[in-house]
Amino acid sequence: NAGVTQTPKFQVLKTGQSMTLQCAQDMNHNSMYWYRQDPGMGLRLIYYSASEGTTDKGEVPNGYNVSRLNKREFSLRLESAAPSQTSVYFCASSTYLIRGVDEQFFGPGTRLTVL
Amino acid sequence: GIQVEQSPPDLILQEGANSTLRCNFSDSVNNLQWFHQNPWGQLINLFYIPSGTKQNGRLSATTVATERYSLLYISSSQTTDSGVYFCAVGGDYKLSFGAGTTVTVRA
């Protein structure tokens, strides 16, 4: 099993450009997440999808949109990139439990620079 | 949201030394995980430990949920243990991360 995979690994954008970060998991997990990590900090939740067909905002959703394409795939879109969105983006997945609590597993990350 | 504080922020160890990392959190939680972020940036799951004690090789962790803290123990440290250790807590799908403890193990 590959676990959680993310593409691309690196990306450089100019201010105002758009792009989509892709995430896929092969662990048959129901829930998926997008986080960002800024230098010297822990991760912050951008959006999550508790199950296929649902998405919800996390702590820092402004400037992002998400799509849960199917059970395996969860994409993150930047419509008009800004330098403040320069960060490392991590996707994660977990099994759904009654209270939405289970161990989260993370992908390798996408390093995004916005000039 | 839940506040997560990790201490110490930085730790320098000589190879073979033991250490304890602490995570305090501000509210009751249903989920607590410890991660190791290696120098290449990858997040490696160490423990899923909302309560109790677990051990995995040279690493062990204890969470006392009623007192809102967790401890990560590293014994006989090795240079490969270097990196940032994160505690993350939460429930209802949301994890809140601490700022991490940066561990440097010197040969």
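Residues numbered from 1 in each chain as written. Chains lettered and ligands numbered in written order. Predicted model: local features only at pLDDT ≥ 70, side-chain atom pairs only at ≥ 80, totals over all residues. Heavy atoms only, no water.

(A) Highlighting the side chain of S60(B). Positionally, S60(B) belongs in strand 7 (residues 59–64). Setting aside its immediate chain neighbours within four residues, S60(B) contacts F47(B), K54(B), Q55(B), L71(B), L72(B) and Y73(B). (Helix = DSSP H or I, 4+ residues; strand = E, 2+ residues; numbered from the N terminus. Contact = heavy atoms within 4.5 Å.)

(B) Inspection of the nonpolar core at higher detail. In terms of nonpolar packing, the biggest core is built from 21 residues, with L21(B), W34(B), F47(B), L72(B) and V89(B) touching the most fellow members. Counting only elements with at least two residues in this core, the list comes to strand 2 (10–14), strand 3 (19–25), strand 4 (31–37), strand 5 (43–48), strand 7, strand 8 (69–74), strand 9 (83–91) and strand 11 (101–106) of chain B. Not counting residues up to four positions away in its chain, the partners in contact with F47(B) are L32(B), Q33(B), W34(B), K54(B), Q55(B), N56(B), L59(B), S60(B), A61(B) and L72(B). Counting residues in hydrophobic clusters, the runner-up holds 20 residues, among them L13(A), Y47(A), V60(A) and C91(A). (Core = buried A, V, L, I, M, F, W, Y, C linked by side-chain atoms within 4.5 Å. Buried < 20%, exposed > 50% of the residue type's maximum accessible area, 1.4 Å probe, protein only.)

(C) The interface of chain B and chain A, seen in detail. Taken together, the contacts link 18 residues of chain B with 22 residues of chain A. Buried area between chain B and chain A, both sides added, is near 1800 Å², and the carbon and sulfur share of it is 55%. The interface formed by chain B and chain A includes 0 salt bridges. At the junction of chain B with chain A, the criterion picks out 4 residue pairs in polar contact (both at pLDDT 80 or more). For the side of chain B that touches chain A, the secondary-structure elements that each account for two or more residues are strand 4, strand 5, strand 9 and strand 10 (94–97) of chain B. Of the residues belonging to the side of chain B that touches chain A, the class tally is 8 nonpolar, 8 polar and 2 charged. (Buried area = accessible area lost by both parts, 1.4 Å probe. Salt bridge = Lys/Arg side-chain N within 4 Å of Asp/Glu carboxyl O. Polar contact = N/O pair within 3.5 Å; in protein donor to acceptor, adjacent residues only side chain to side chain. Nonpolar A, V, L, I, M, F, W, Y, C, P; charged D, E, K, R; others polar.)

Just geometry here; none of it tells us what the structure is for.
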